[in-house]
Every structure is written in C-alpha cells, then in structure tokens.
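# Observations on the model geometry
Single-letter residue listing:
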Amino acid sequence: MSSVPETPSQRSSIRLPKVPFWAQILLGLVLGVLLGWAARSGDVGWLVTTLDKIGSIFVQLLKLAVAPLVFFAILVSITNLRNVNNAARLATRTLLWFMATSLIAVAIGLAIGLVTNPGAGTGLTPQDGSKPEHAGSWLDFLTGIVPTDVITPFTELNVLQIVFMAAVAGVAALKLGEKAQPILTLSQAVLELLQKALWWVIRLAPLGTLGLIGYAIAEYGWDLIGKYATFTADIYVGCALVMFGVYPLLLATVAKVNPLHFFKGAWPAIQLAFVSRSSVGTMPVTQKVTERLGVPKEYASFAVPFGSTTKMDGCASIYPAIAAIFIAQIFDVHLGVGDYLLIAFVSVIGSAATAGLTGATVMLTLTLSTLGLPLEGVGLLMAIDPILDMMRTATNVAGQALVPVIVSAREKILDRQAYDHASASPLDDAATVEDRQVVPAAA
C-alpha cells in the first residue's frame, strides 16, 4: 500500500521547536564567556575587536531610540493620566513609593559597606584614581534641568532635559484639551512606531549579550575582578538582597500578592536590563510586563516611563553608598553619621541624575562632591563598571515594575487574575508580542 505524499501545506506546518527568548540570552551569555576567555587566553586580537563591535553596535542601537522614546513616552503618559481615576493620587503615591524603596536600598548598601570594608586590602592607592571628564554637582543638576534650546538635549542625549520638555508639553496638552488632540494622536503613533522598531533591536539581545559579556572577559579578565572582589560582591549581594529580599517582602505584605508571579512576569525585562545595561532601552519591555502583571495600561504608561528615568535602586542607591565607603577607605577619609545621612539624601533626591542611561558615573560624582570626597576615586571604579552595571540595571528595572504593582494593588485597580497568570516571556511570539492578551489558565 503506497503512502500518500505530503502536500506543501503539510510540509510547511512542520516547524522546528522555538527556543524561548530567555534560553537564547542564556546561550549568548555562555558563548560570550567562552569566546571572551578564548580571546584573552589566546591573545586573539581580531576576536576581541569583533566582540567589542557586536556589543557596541547593540548598545548604540538601543541608544538611538532613547531621546525620542523618552520624549514621546513621557508626553503620552502624562496625557493618558486624564483617563485614570484619581490620577493625582496615583502619581503622588508612585513618587512616594519610589522614594521609600530607594531609601531602603541605600540603607542596605550602607550596611553592607560598613560591615565588609570593601576598600581594605585591595592594594589600590589614591594614585590609581583619576578625575572623570564629566562630574555631577547640585548646581549642574538644578540648572541643567532646563535646556537652552530644544535641539541640544536630543543631540547630546541629555535625558533629564528631555523629560522636562516632555512634561511641560504633556501638561500644556492637558490644558489645551481638544485643541491638542491632533498632536496627541501623532505622538501616540510616533511612540508606537519607536516601540515597534525597538522591539526589533531587543530581538538582537542574545547577540548583544555575546558581544558585551565576551568583550568584558577578554578586555578585563578575572585578575581585575580579583582586586575588586569584595566591592563587586558587595554590589551584587546588595542588589540581590533588594531584588529578591525587599521586593518580595513588599509584594507579600503591602500588595498582598504572590512574589513568585511577579518575577515570572517581570523576568523578561529584568534579564534584558542585565544584558543591555540601559533602563530606558528596556522601557518598552518593562511596560509590557507591567501591564501583563495586571497594572492598568493607562497607569502603567505613566509609571514605567517615569520610573525608567528616575527610579534607580541599583545605580542611584546601592552603588553610590558602597562606592562612597570604598573610595573613602582608599583615600583614608573618615565618614561620620552625617555623611551617611547625606548619602541617603542624595540617593533619594538625586536619582533623576542617572537619567536611565548606561552607567552611574554622574550619580557617583554627585555623591562624592556632596560628601567632599576626591573625584579621582571615580577613576578607580571605571574599569570594573560594566560588570557592576549589569546587576545594577537589572535591580533598577525590577523596581520600576514593582512600584506600579504595589500602587495598583493598594488602590484596588490591579487585575489579580492577570497577575496570577502573567506570561513568563512576552518575546516568544515575535509576530504578535505587542498585542497578545493574558489568558487565564482556566480559559
């Protein structure tokens, strides 16, 4: 009996199993470590250059969309608040929770730094440091909010000034009412276009992981990490305590939801933040996972962009607290109780200085200048910064998704069924990722 040959439609229906996005990133991480180790141990110059280019291009593609994305996201998010009941109350509570969690994070950072003495026994001296090219100060921070023109903030990627202009435009649009509707419609369309393009870049994250991790290993090796072993461990432990200790505790006690469901839903954004080292670059993913955790879209579209530019538990709280103690020990400067209170103040108030970009140098220089510590200390940490920045940014993004969930739960607007059935990865279905809805398991 002869078998019936397969039709073209039957053959096309046979597909290879799809590799989940988290597995793709993990594969990129492993290959990056192996290639970086091979490049360094074998002194393979072309491979080091290739890894550097791959990682740099990925980060550059993310940065390319940062300026317009921040502007239109903030503008649209402010105008969307008119569709939310108790908008002023939600905005106020969001800001208060941003500040409260930042205060907890900086307290943990200070405690870890005081217990471990990260600057002791490193062999580093003040001569090993160097002043950064750009340093932050309170005067620069306050006067730098208002731009001198509307073009420079976009060309120089001054995110804080872009946020200011977007906020002014958003409030003005609310005051104009229906007259501003054509501008709002255009802004919404441009925002969706930018997010669509950025999703394509995000799909390259496994390749970006390979390049960024590989180059870090090839360029710095393990010897550098050895010098900063205690400091590096402090940052990672501090971030882990906040992300996997404080956040679950707040979810369980304040929001009264299952913390495991939060991490299941938010994990795609957290892992992308770890790779990209950019809170703003991760913002579209953060907003999607926040919505799928049951936060109303109108509120999430305000809270997440706002958090992506101001909510930095890793970069603006844990890191400068431990780094200040580290630098003070290297330069043999005694810090008192008043200095630790100043660190907490800078962390809570000055978070916007980090502006969601890769790195936390501006925030660190702001902290050091406030304490009167030598800015040359920044140079001691520049080489190790990429390795630290991965964990810092992952913590930032986890906090940016956490606060909207807490506020929504407290205000009784959280869709708890959606929260309990949040998708593990919003990137597995590239064709419809932006439009998929959460479907309860019982449906």
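The rules behind each value
- Residues numbered from 1 in each chain as written.
- Predicted model: local features only at pLDDT ≥ 70, side-chain atom pairs only at ≥ 80, totals over all residues.
- Heavy atoms only, no water.
- Helix = DSSP H or I, 4+ residues; strand = E, 2+ residues; numbered from the N terminus.
- Buried < 20%, exposed > 50% of the residue type's maximum accessible area, 1.4 Å probe, protein only.
- UniProt positions renumbered as here; feature names shortened; annotations may be inferred.
- Contact = heavy atoms within 4.5 Å.
- Phe/Tyr/Trp six-rings, centres within 6.5 Å; stacked < 30°, edge-to-face > 60°.
- Lys NZ or Arg CZ within 6 Å of the ring centre and 35° of its normal.

## Points about unusual backbone geometry
The phi dihedral of D43 falls on the positive side, at around 50°, and the residue is not glycine. Along the chain, the position of D43 falls in the loop between α2 (21-41) and α3 (45-64). Exposure remark for D43: the relative accessible area of 69% places this residue in the exposed category.

## A short note on the UniProt feature "transmembrane region" (unreviewed entry) in the chain
Cross-referencing UniProt, the feature "transmembrane region" (unreviewed entry) maps to residues 21-39, 59-82, 94-115, 197-215, 235-255, 316-335 and 341-366 in the present numbering. The span residues 316-335 is 75% helical and 0% strand by assignment, and the distance between its end C-alpha atoms comes to 19 Å.

## Thoughts on the side chain of D313
Within the element layout of this structure, D313 appears in the loop between α14 (297-310) and α15 (314-330). Look at D313 and you get buried, because its relative accessible area is 0%. Residues within four places of D313 in sequence aside, it is in contact with T101, S102, A105, Y247, I318, T395 and N396.

## A short note on the packing of aromatic side chains
Aromatic rings considered in pairs are described by the distance between their centres and by the relative angle of their planes. With the rule as written, the count across this model stands at nine aromatic pairs. Relative to Y319, the ring of F231 has its centre 6.3 Å away and its plane inclined at 65°; by these criteria the two rings are edge-to-face. Placement of F231 in helix α11 (residues 229-255) and of Y319 in helix α15 is noted, with a sequence separation of 88 residues between them. For the pair shown, F231 and Y319 are each scored as buried. Ring centres of F244 and F263 lie 5.3 Å apart, and the angle between their planes is 35°; on these two criteria the pair is classed as tilted. In this pair, F244 is assigned in helix α11 and F263 in helix α12 (residues 259-276), connecting sequence segments 19 residues apart. Chaining the aromatic ring pairs together yields one cluster made of Y228, F231, Y319 and F326. Of note, R392 hangs over the ring of Y319, and the distance from its end group to the ring centre comes to 4.1 Å.

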